[in-house]
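Analysis of the macromolecular model
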Number of protein chains: 4
Amino acid sequence: VVEKQLSQPGGGQGPTVGVIGATGFAGALAAYLLWRHPRFNLTYLTGRSEVGYRHLDLYPRYRVPLTVEELDLDRHGEVEVAVVAYPHGASAPVVKALRDRGVRVLDLSADCRLRSRERYEAYYGSHPHPELLGQAVYGIPELHRDRLPGAELVALPGCFPTAALLALAPLARAGLIADVVIDAKTGVSGAGRQPTPFTHFSNVHASVVPYRVASHRHTPEIEEQLELLGAPLAVQFQPHLVPLDEGELLTCYVTPREPLSAQALQDLYEAAYAGERFIELAASPPTLREVQETNYCRLLAVYDGHTGKVLVFAAIDNLWKGTSSQAIQCLNAIYGYPEDEGLC
Amino acid sequence: VVEKQLSQPGGGQGPTVGVIGATGFAGALAAYLLWRHPRFNLTYLTGRSEVGYRHLDLYPRYRVPLTVEELDLDRHGEVEVAVVAYPHGASAPVVKALRDRGVRVLDLSADCRLRSRERYEAYYGSHPHPELLGQAVYGIPELHRDRLPGAELVALPGCFPTAALLALAPLARAGLIADVVIDAKTGVSGAGRQPTPFTHFSNVHASVVPYRVASHRHTPEIEEQLELLGAPLAVQFQPHLVPLDEGELLTCYVTPREPLSAQALQDLYEAAYAGERFIELAASPPTLREVQETNYCRLLAVYDGHTGKVLVFAAIDNLWKGTSSQAIQCLNAIYGYPEDEGLC
Amino acid sequence: VVEKQLSQPGGGQGPTVGVIGATGFAGALAAYLLWRHPRFNLTYLTGRSEVGYRHLDLYPRYRVPLTVEELDLDRHGEVEVAVVAYPHGASAPVVKALRDRGVRVLDLSADCRLRSRERYEAYYGSHPHPELLGQAVYGIPELHRDRLPGAELVALPGCFPTAALLALAPLARAGLIADVVIDAKTGVSGAGRQPTPFTHFSNVHASVVPYRVASHRHTPEIEEQLELLGAPLAVQFQPHLVPLDEGELLTCYVTPREPLSAQALQDLYEAAYAGERFIELAASPPTLREVQETNYCRLLAVYDGHTGKVLVFAAIDNLWKGTSSQAIQCLNAIYGYPEDEGLC
Amino acid sequence: VVEKQLSQPGGGQGPTVGVIGATGFAGALAAYLLWRHPRFNLTYLTGRSEVGYRHLDLYPRYRVPLTVEELDLDRHGEVEVAVVAYPHGASAPVVKALRDRGVRVLDLSADCRLRSRERYEAYYGSHPHPELLGQAVYGIPELHRDRLPGAELVALPGCFPTAALLALAPLARAGLIADVVIDAKTGVSGAGRQPTPFTHFSNVHASVVPYRVASHRHTPEIEEQLELLGAPLAVQFQPHLVPLDEGELLTCYVTPREPLSAQALQDLYEAAYAGERFIELAASPPTLREVQETNYCRLLAVYDGHTGKVLVFAAIDNLWKGTSSQAIQCLNAIYGYPEDEGLC
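Residues numbered from 1 in each chain as written. Chains lettered and ligands numbered in written order. Predicted model: local features only at pLDDT ≥ 70, side-chain atom pairs only at ≥ 80, totals over all residues. Heavy atoms only, no water.

Quick word on the overall build of chain A
On a plain count of helices and strands, chain A comes out with 11 helices and 14 strands. Looking at the 344 residues of chain A, the share that counts as buried comes to 65%. For chain A, the share of sequence-separated contacts (at least 6 apart) that also reach a separation of at least 24 residues comes to 70%. Carbon and sulfur atoms make up 48% of the accessible area of chain A, which amounts to about 10900 Å² in all. Taken as two groups, the 29 positive and 39 negative side-chain charges of chain A have centres that lie 2 Å from each other. (Helix = DSSP H or I, 4+ residues; strand = E, 2+ residues; numbered from the N terminus. Buried < 20%, exposed > 50% of the residue type's maximum accessible area, 1.4 Å probe, protein only. Contact = heavy atoms within 4.5 Å. Areas by Shrake-Rupley, 256 points an atom, 1.4 Å probe, with all protein chains shown as cover. Lys, Arg positive; Asp, Glu negative; His and termini not counted. Charge placed at Lys NZ, Arg CZ, Asp CG, Glu CD.)

Remarks on the interface of chain B and chain A
Taken together, the 40 residues of chain B in the interface contact 40 residues of chain A. Of the roughly 3300 Å² buried where chain B meets chain A, counting both sides, 63% is carbon and sulfur surface. The tally of links from chain B across to chain A stands at four salt bridges. Note that A:Asp179 is salt-bridged to B:Lys309, the shortest N-O span being 2.7 Å. Joining chain B to chain A, the criterion identifies 26 residue pairs in polar contact (both at pLDDT 80 or more). Those elements that place two or more of their residues in the side of chain B that touches chain A are strand E8 (177-186), strand E9 (209-210), helix H9 (218-229), strand E10 (236-241), strand E11 (248-256), strand E13 (297-304) and strand E14 (309-316) of chain B. At five residues, E8(B) tops the list of elements feeding residues into the side of chain B that touches chain A. The residue inventory of the side of chain B that touches chain A, partitioned by class, reads 21 nonpolar, 12 polar and seven charged. (Buried area = accessible area lost by both parts, 1.4 Å probe. Salt bridge = Lys/Arg side-chain N within 4 Å of Asp/Glu carboxyl O. Polar contact = N/O pair within 3.5 Å; in protein donor to acceptor, adjacent residues only side chain to side chain. Nonpolar A, V, L, I, M, F, W, Y, C, P; charged D, E, K, R; others polar.)

Concerning the sheet that holds strand E8 (residues 177-186) of chain D
In any sheet, the strands associate via hydrogen bonds between backbone groups, in a parallel or an antiparallel arrangement. Residues and elements named next belong to chain D. As summarised here, the arrangement of the seven strands in space is E9-E10-E8-E11-E14-E13-E12, forming an open sheet in which the pairing is mixed. Because the sheet does not close on itself, it has two edges, and the strands there are strand E9 (209-210) and strand E12 (279-281). Pairing geometry for E8 and strand E10 (residues 236-241), over six bridges, is parallel. Looking across to E10, one finds that Thr 186 is bridged to Leu 241. Contacting E12, strand E13 (297-304) and strand E14 (309-316), helix H10 (residues 262-273) crosses the sheet at an angle of about 160 degrees to E13. (Pairing = 2+ DSSP bridges. Axes fitted to C-alpha atoms, helices over the stretch in contact; angles between N-to-C directions.)

So, the environment of B:Pro220
Residue and element names in this part refer to chain B. Tracing the chain through its elements places Pro 220 in helix H9. You can call Pro 220 buried: its relative accessible area is 1%. Setting aside residues no more than four positions away along its own chain, Pro 220 makes contact with Leu 114, Arg 119 and Tyr 123.

As for the relation of the copies chain D and chain A
Rotating chain D by 180 degrees about the axis while translating it 0.0 Å along that axis superimposes it on chain A, leaving an RMSD of 0.0 Å. The transformation just described matches what one would write down for a two-fold rotation axis. It is D:Ala206 whose C-alpha, among those of chain D, lies nearest the rotation axis, at 4.1 Å. Mapped onto chain A, 100% of the interface residues of chain D are again interface residues, and the two copies thus contact each other with one and the same surface. (Least-squares fit on C-alpha atoms with pLDDT ≥ 70 in both.)

Structural notes on the relation of the copies chain B and chain A
Taken as rigid bodies, chain B and chain A are interconverted by a rotation of 180 degrees and an axial shift of 0.0 Å, the fit giving an RMSD of 0.0 Å. Interface overlap between copies is the fraction of interface residues in one copy that are interface residues in the other; for chain B against chain A it reaches 100%, indicating a shared surface.

Re the confidence of the model for chain A
Low-pLDDT portions of the prediction should not be read for the details of their coordinates. Across chain A, pLDDT averages 96, with 98% of residues at or above 70. Scoring the predicted complex yields pTM 0.97 and, for the interface, ipTM 0.96. (pLDDT = per-residue confidence, 0-100.)

Observations regarding the packing of helix H7 (residues 159-173) of chain B against helix H11 (residues 320-335) of chain B
All names here are of chain B. The N-to-C vectors of H7 and H11 enclose an angle of 100 degrees; their axes lie 8 Å apart at closest approach. Here H11 runs roughly perpendicular to H7, going by the angle between their axes. Contacts from Cys 159, Thr 162 and Leu 166 in H7 reach Lys 321, Gly 322, Thr 323 and Gln 326 in H11. When grouped by side-chain class, the residues that make up the contact of H7 with H11 number two nonpolar, four polar and one charged. (Parallel < 35°, antiparallel > 145°, perpendicular 65-115°, else oblique.)

A short note on the interface of chain D and chain A
Every contact between the two is made by 24 residues of chain D and, on the other side, 24 residues of chain A. The interface formed by chain D and chain A contains four salt bridges. Measuring nitrogen to oxygen at the nearest pair gives 2.9 Å for the salt bridge that ties D:Arg289 to A:Asp245. If you list the elements that add at least two residues to the side of chain D that touches chain A, you get H10 and E12 of chain D. If one sorts the elements of the side of chain D that touches chain A by residue count, E12(D) sits on top with three residues. Within the side of chain D that touches chain A, the residues separate by chemical class into 10 nonpolar, three polar and 11 charged.

Let's talk about the packing of aromatic side chains
Across all of its chains, the model carries 42 aromatic pairs over all chains by this definition. Ring geometry for C:Tyr120 and C:Tyr124: centres 4.8 Å apart, planes at 25 degrees, overall stacked. Residue C:Tyr120 and its partner C:Tyr124 are both found in helix H5 (residues 117-124); the two are separated by four residues, about one turn of the helix. On the basis of relative accessibility, which here comes to 0%, the residue C:Tyr120 falls in the buried class. For the pair D:Phe40 and D:Tyr335, a centre-to-centre distance of 5.6 Å together with 70 degrees between the ring planes defines the contact as edge-to-face. Of this pair, D:Phe40 sits in the loop between helix H1 (25-35) and strand E2 (41-46) while D:Tyr335 sits in helix H11 (residues 320-335), and the two are 295 residues apart along the sequence. Pair check on accessibility: D:Phe40 and D:Tyr335 agree, each one buried. Ring-pair connections join several aromatic residues into one group, and the members of that group are A:Phe25, A:Tyr32, A:Tyr59 and A:Tyr62. Across the ring face of B:Tyr337, the terminal group of B:Arg39 is positioned such that the distance to the ring centre comes to 4.3 Å. The ring of A:Tyr296 has D:Arg63 sitting right over it, with the charged end atom 3.7 Å from the ring centre. (Phe/Tyr/Trp six-rings, centres within 6.5 Å; stacked < 30°, edge-to-face > 60°. Lys NZ or Arg CZ within 6 Å of the ring centre and 35° of its normal.)

This is the structure:
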């Protein structure tokens, strides 16, 4: 068994990057994307378990030959940027420590996403470092691009908020959302690598499983961001597990504040996303096959004259645009590289 | 290759039954259920194709040794009951001819479901025998049980209306529905046995595919029946194809006319379905695994205090409770047999 | 949430039965099959975990309302028959204790299957009660029917040996097997209910995973039984996990001792299985859809003139004919009931 | 709906290439790989159907904006290279016509693969241009690299022969194969884009389907190439459809001519594939997830002391290394580019 590549295929002469928590699905994918990126210099991977294994032993299909190390802030606090892929609660102390050492951080957890401590604590319990709340740029480049260049702390959104906000932003900014129901269908990878009764093949296969009924943690995040976009409202968000691995499709049912022509709707979305590299306005309903293992978000907005509602469909890969490839997109924006560098 | 069973395992000394259109998924399942039923005497199967094949050559897992015949109304109009499993448009002339010969008919197509010709024609085009509209009992025993004994013509509902109406009937009857969004996730068997780009494995696998956006033919049927139950409104109904074969899960988002306590909601559903053999009020969200290949409809109604909406989840097997086993349940009700005879 | 059925739907006035280890996949299915059986009186279920839960809380689709109890041999040793569904090693002591109390036992584990202690220990480690080896009837009715009536201890075969032996018995008895390769494709349920990296949806989905290369524990069992049938040889057995839940298909590549005509081959299988209720000789290659959730084994034997080899395909449901429904078939045989009672 | 990219992302200033038959799975993927390739200049796509559609309307996930044209040899015979992705029988006349015009051709069909007309006709019927047989380089770079630079006609192997030959070549060259059984498990994409009962989701889902029993057309191709490698023998090759889209896993059961130590086996494979960019010798059994959507072939060879057989597992993506990405690898070799250009 011979190693094929000991150096980064893309070159990697640019900023040094480490991935903290590279053994879970999101961190492992971030490591893969950084490894093949033409600019970033991936210098270490850490894990809370499986220390000493090579990344490619855990994820053969990513073919990253680096070895998983134990986190040592004295050593690992020397990179220029860190992608932190820890669960919420566990992430904040690491983010804090890295920021104290001057390391730029992209946090994939929920710990830096919200501005409101009240919202955080209602859904996640007490926050280990509430001073982090409100400090980060919310990492959807299409919505917060102007704040990304040079940003020191970026909170990557949850996968569902990414799709929901890209789907709803044009309507929210136009003040058109009176009410919204968001019905999500998602693959199992969002539940992580941990084997549980929920992730057991026999639970997922050939079934549809609604979960976290009227209580999903991405709800406050969607609401806070919609409010910032001009649409303060209580959002009905409901996810369903479907038998697939990667990808999520959201169907948003919007009751508009005022009647809207099909043409006006189309114009609104085209204006909002003109020139966006990773947003595709589809002519027919988006499907997951079209976005899996890509950084694309594919959208279709339809006005239903029968009910007067607007339907917006959004498809993304939850691990890519919903998490890790969006982190790379943000990194590119931070450093002024083309946003699609390493992602096409 | 030896035949195992040439006579009906259940006995079948009761009323003679034929299945017209027994080569498609719904008709084939109806034949299977009648073959193993302890009462009905299944005397023939017809097909518009594959005449001369045995049912078990086409559907080995059903193990029905009867041969598919060409429809001959002179011969086949002699049974006591016929289950007609033809596509809409093609069904009406056959139903008409059988009724003219005095045969009791259970029609699985859309041709006898609606009362309003206008609604039919808006979604299906011109009706070959509009005089059939409004003549049939709408075959959901839980909602129309009193009209079933002795009924001569029963229109089996669409699979989505079955689940939607069982989910919403308690709220509709109580006059509580101000608005409703119905988001459906369904397996591919609802699209039938015909190989098409839609039913190709590569289209369905690992994907979610929204289809018939804001235009599905089950919409008018749901609306007409809700109106009869006391809830006249425009329904937002949207189906999505998910990677599985049999089963559908509907998530209904109801805006209630007035605030509703969780207890009141639970009482409403328990009162509505007390003693119903095939309705299960679940303690946690229903999933498809729990209802596949059964006549059960599994429901959960939840009040979301955050948004003030009511969520109702309904899971059925689209081919069973959504079509063919419900037809058997109706047949049992017509003849005064226990409703679960041959179905448990 | 109202209970629908507190008594056994089938009646259950016959012999009292308990299922020990009813929370795993095999025990849970055995409980379901016994609950709906028209003769047996299912009096208790025990579990090594989840004591106090109802079976239907763990397996809603089986709808068995009994509560899982902790095993108490003083109480539970009073039934007439026990189905023991424990892992190997854990099973033997329970089987021993029950036999000491005069309880008839059907053991689903490996602990009573083999005759050779050497073979057992080479694959499973030391045996807690080696005196049990060689005591049980090997529970494939089609091969050992004469020893089943009144049997006090039956060892249900592994799922792979069931299919392999039904596939190969006619050739083995005729002394025709010079060499055999058995390639198995199986669903994940054979790996049990425990969430592990192996049973995680992301491991199984869209993949094929060979496992236990040249070392599967069912190998010695197949070899010992083939030897008894007249074919002592080293068997190449190799399983592969495929993305489905229940069912296994074995492809057996036999090098025959002498040339064999296609007709002779067909005659051999028809003679071997004439009148067998649950063996189907298929005209085309068997598939899993045809046997899932049934007690059938579907076979096709083909002579390949190009290579001179015989291919035998065997399809069964690993949890049904491969384990739990075969146990019911054995129970029926023990008590002299029709073998298909409660299984069709 | 705005086009994102009208020029090739990779640049494409090199040799002009056309894809003939770009609407099927293999041709569509070849078009995608050429479109994103940094060297080749993809100038046209043709189809036998769907002329006038853009590639991205048919395959949105590939995002190739070119329009499908009708084949016009006068115009389309002007490119430097053509990839022909037609079915066997239909391909030969086009290959002939293109070669007559001096166009370099990579043929994905079976029409140029075999040397023996007898073998071709026994499996495919009469050959429209038998003079093409034996003219092409057989396009597995790992086995025929020396003949590729400057080659004018390359026949891409079938997907199963690619995996089988890479699995068996080291043993064949060493004269070690006395007998071999090849058991293949494959996804449905190998059956093509045409909707048929075989490719219907309901046929594939949750099942295993053996097909073309003892008669698959890839058998003579494997045999002819093994013979060239030094192992003339009748091969038992048997494919099985499993519920996934892309990928195939072959399990080869080799009876060696002489005993072989585990170390000798490992040395043989390491020597054979040292330095091969796309061959991975795995430490544990290869799985499909590790090779999907890549040009890798992942191998594991194991000696089973119990039976004296050698097992070789080979995993590839049937559409990639099994067809279209291997064509790109060949193109790179023809032109002297790094073999992994555009493929990593």
